[in-house]
Amino acid sequence: MQTTLCHAGRHPEDHSGAVNVPVFHASTILFPTLEQLDAKGDAPVRYGRRGTPTSHALEDAVSALEGAEGTVLTPSGVMAITVTLLAHARPGAHFLIPDNAYGPCRHTCHEILKPMGVDYTFYDPRIGAGIAGLLREETALIWIEAPGSQTFEMPDIRAIVEAARARGIPTALDNTWSGGFFLRPLSLGVTYSVQAGTKYLSGHSDVMSGMIACGAGAHERMKAFAARLGVCVGPDDAYLVLRGMRTLAVRMRQHHEAALQVAAWLETRPEVLRVMHPGLPSDPGHALWSRDFSGASGLFGFVLAPVPRPRLARMMDGLRFYGMGSSWGGFESLLIPTDPAKLRSTTSWNPGGQSMRIHVGLEDPADLIEDLAAGLARLA
Ligand SMILES: *Cc1c(COP(=O)(O)O)cnc(C)c1O
């Protein structure tokens with residue numbers, strides 16, 4: 001995979017030998033003869049909205065990473081989610097969504113799908129083969145997130161996919177956490193692997209991006225649906241994501257190692273009630289993670305013993321290397337308090353303290369641990 005990431009989507013011979021695909025800014029594409037204009041439906045590039053050599057190169061690279069038949073690019077990760085959901089929406093349809101799904105996925109269900117007449121059930125992410133009991137005649141899509149946002153429970157992907165396939169129901173997995181590098185959902189029979197390219201693929205906190213990598217037989221329909229919606233991406237953004245992907249392998253290995261170090265250290269601290277990181281042997285999802293993943297990324301959670309907000313602020317405001325802000329997957333570390341209970345309806349989240357989400361970046365883990373140690377000391 002490391003080698004593929006360096007070479008996928010590159011054709012220097014097509015553009016003066018330059019190593020990287022150029023940024024093609026284009027709306028109108030000219031055809032030199034009437035015959036070629038008449039046949040433009042077959043041309044690989046025919047109109048900017050339909051894709052440029054830059055966006056096609058990124059599609060090819062993501063398809064190689066995910067083992068996909070083809071990839072649909074979107075301007076954000078959220079749009080990759082909404083396009084996948086909408087492609088299966090019709091009045092009377094029923095979706096299954098994990099109760100720990102990324103917040104905006106939940107909001108889309110309430111605010112867009114429900115008024116369209118789509119019904120949905122939020123399922124316990126640890127349900128495993130029990131998902132079969134929630135399937136209805138009308139079930140049209142099963143969503144999976146591995147691990148779930150904020151709380152990091154690990155689903156039994158194989159059991160869910162098996163139940164879905166027995167009934168011919170498509171599955172979509174939000175694969176943002178693994179960056180597509182540590183988990184290849186399509187090889188497990190998942191229909192769509194959805195990612196926010198905003199996170200690890202681009203890797204530098206400077207671009208919004210999303211993608212839907214489609215399994216065998218699923219690409220043509222998804223591509224046509226997204227094209228009908230007018231979904232397209234800018235060439236500068238596609239270029240940045242492609243550039244990030246060239247170093248994905250080395251970055252992910254570093255995130256894996258450093259985050260495990262920080263997580264194991266946090267587990268030893270008296271201020272910390274619990275660490276949610278499936279790569280830790282103590283984590284309830286560890287066996288499932290070991291079975292299906294080849295590594296863990298830099299994002300995980302932990303729970304601090306109850307702490308009044310002003311004291312939490314003393315810890316947070318004095319951190320040197322951890323930023324406070326949305327998103328993750330860049331080279332830099334982040335730390336924010338979270339409130340997962342707000343984003344649940346069929347399961348509960350009562351960890352008995354303040355939930356936190358940490359992104360371990362590419363800094364020296366010794367510096368990151370020292371900064372956190374000083375922060376925890378300020379809690380007292
Ligand atoms: C950030 C994120 C998204 C959305 O990506 P955007 O590019 O911010 O729209 C989707 N899924 C998960 C799990 C995420 O963390």
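To be clear, the structure that these remarks concern was listed above.
Summarised in this report is the structure supplied together with it. Think of each chain on its own: its residues are numbered from 1, step by step along the sequence as written. Reporting of local features is limited, given that this is a predicted model, to residues whose pLDDT is at least 70; pairs of side-chain atoms are given and counted only at 80 or more, and all residues count toward the totals for whole chains, interfaces and linings. Computation of side-chain values covers all heavy atoms of the structure but excludes hydrogens and water.

Near, as used in this document, describes a residue that has one of its heavy atoms within 4 Å of the molecule or strand being considered. Inspection of the region around the ligand gives 15 residues, with Gly77, Val78, Asp174, Thr198 and Lys199 positioned closest. At 2.8 Å from an oxygen atom of the ligand is found a main-chain nitrogen or oxygen belonging to Val78. In isolation the ligand offers 380 Å² of accessible surface; the protein chains occlude 92% of this area. A molecule is said to occupy a pocket when more than half its atoms come within 2 Å of that pocket's grid points, and by this definition the ligand occupies the largest pocket. With three residues, helix α4 (residues 77-86) is the single largest residue contributor to the shell around the ligand. Note that Gly is not counted as nonpolar here; it falls among the polar residues with everything else outside the nonpolar set of Ala, Val, Leu, Ile, Met, Phe, Trp, Tyr, Cys and Pro and the charged set of Asp, Glu, Lys and Arg. For the shell around the ligand, the residue count by class is six nonpolar, six polar and three charged. In protein, a polar contact means a hydrogen-donor-capable atom and an acceptor-capable atom, both N or O and within 3.5 Å, with residues adjacent in sequence counting only if both atoms are side-chain atoms; elsewhere, any N or O pair within 3.5 Å suffices. For the area figures, the Shrake-Rupley method with a 1.4 Å probe applies, and any residue is considered shielded solely by the protein chains shown. A 1.4 Å probe that fits into a set of points on a 1 Å grid over the protein atoms alone but cannot get out defines a cavity; an open set with protein on both sides within 12 Å along at least five of seven lines defines a pocket, and lining residues are those with an atom within 4 Å of a point. What decides whether a molecule sits in a cavity or pocket is whether more than half of its atoms lie within 2 Å of the grid points. Only DSSP runs of H or I with at least four residues qualify as helices, and only runs of E with at least two residues qualify as strands; both kinds are numbered from the N terminus onward.

With that settled, consider a positive patch on the surface. Judged by side-chain charge, Lys40, Arg49, Arg50, Lys223 and Arg228 come together as a positively charged surface patch. Secondary-structure assignment places Lys40 in the loop between α2 (34-38) and α3 (53-66). Patches draw on residues past 30% relative accessible area with no salt bridge. Two like charges within 9 Å are joined, as are two nonpolar side chains (Val, Leu, Ile, Met, Phe, Trp, Tyr) within 5 Å. Think of a salt bridge as a Lys or Arg side-chain nitrogen and an Asp or Glu carboxyl oxygen that are within 4 Å of each other. For the purpose of charge, His is not counted, nor are the chain termini; Lys and Arg are scored as positive and Asp and Glu as negative. In plain terms, the charge of a residue is placed at NZ if it is Lys, CZ if Arg, CG if Asp and CD if Glu.

This part covers the side chain of Lys199. One can find Lys199 in the loop between β6 (192-196) and β7 (210-214). No salt bridge is formed by the buried Lys199; its nearest oppositely charged neighbour, Asp174, is found at 7.4 Å. Residues count as neighbours in contact if any of their non-hydrogen atoms are within 4.5 Å of one another. Ignoring sequence-local partners within four residues, the contact set of Lys199 consists of Thr176, Ser327, Trp328 and Gly329. Only protein chains enter the accessibility calculation, which uses a 1.4 Å probe; a residue is then buried when its area is under 20% of its type maximum, exposed when over 50%, and partly exposed in between.

Another point: the sheet that holds strand β10 (residues 322-323). Think of it this way: DSSP has to see at least two bridges between two strands before they count as a pair. On the basis of which strands lie adjacent, the open sheet formed by five strands has the order β8-β9-β12-β11-β10 and mixed pairing. Strands at the two margins of the open sheet, each flanked by one partner only, are β8 (272-276) and β10. As paired strands, β10 and strand β11 (residues 333-337) are joined by two bridges and run parallel to one another. Residue pairing for β11: Tyr322 is matched across the bridge by Ser333. To get an axis, a line is fitted to the C-alpha atoms, and for a helix only the part in contact is used. The angle between two axes follows their N-to-C directions and goes from 0 to 180 degrees. The sheet strands contacting helix α9 (residues 248-267) are β8, β9 (299-304) and β12 (354-359), and the helix crosses β9 at an angle near 10°. Set on the sheet, helix α11 (residues 309-317) makes contact with β9, β11 and β12; between it and β11 the angle comes to about 175°.

The next point concerns the nonpolar core. As used in this record, nonpolar core signifies buried Ala, Val, Leu, Ile, Met, Phe, Trp, Tyr and Cys residues forming a set joined through side-chain atoms within 4.5 Å. Grouped together as the largest cluster of nonpolar side chains are 54 residues, with contacts concentrated most on Ile142, Ile157 and Phe293. No fewer than three residues from each of domain 1 (2-245) and domain 2 (249-379) sit in this core. If sequence neighbours within four positions are ignored, Phe293 has contacts with Ala146, Met154, Ile157, Trp177, Ser178, Phe182 and Leu183. Residues Ala87, Cys109, Leu113 and Leu141 belong to the second largest nonpolar core, which totals 29 residues. The domain boundaries here were taken from an automatic or database domain assignment.

Taking 1.5 Å per residue, 14 residues should reach 20 Å; α3 reaches 20 Å between its end C-alpha atoms and fits that length. With 10 of 14 residues buried, α3 lies mostly within the body of the structure. Backbone geometry just after α3 places Gly67 at a positive phi near 65°. Helix span, expected: 1.5 Å multiplied by one less than the number of residues in the helix.

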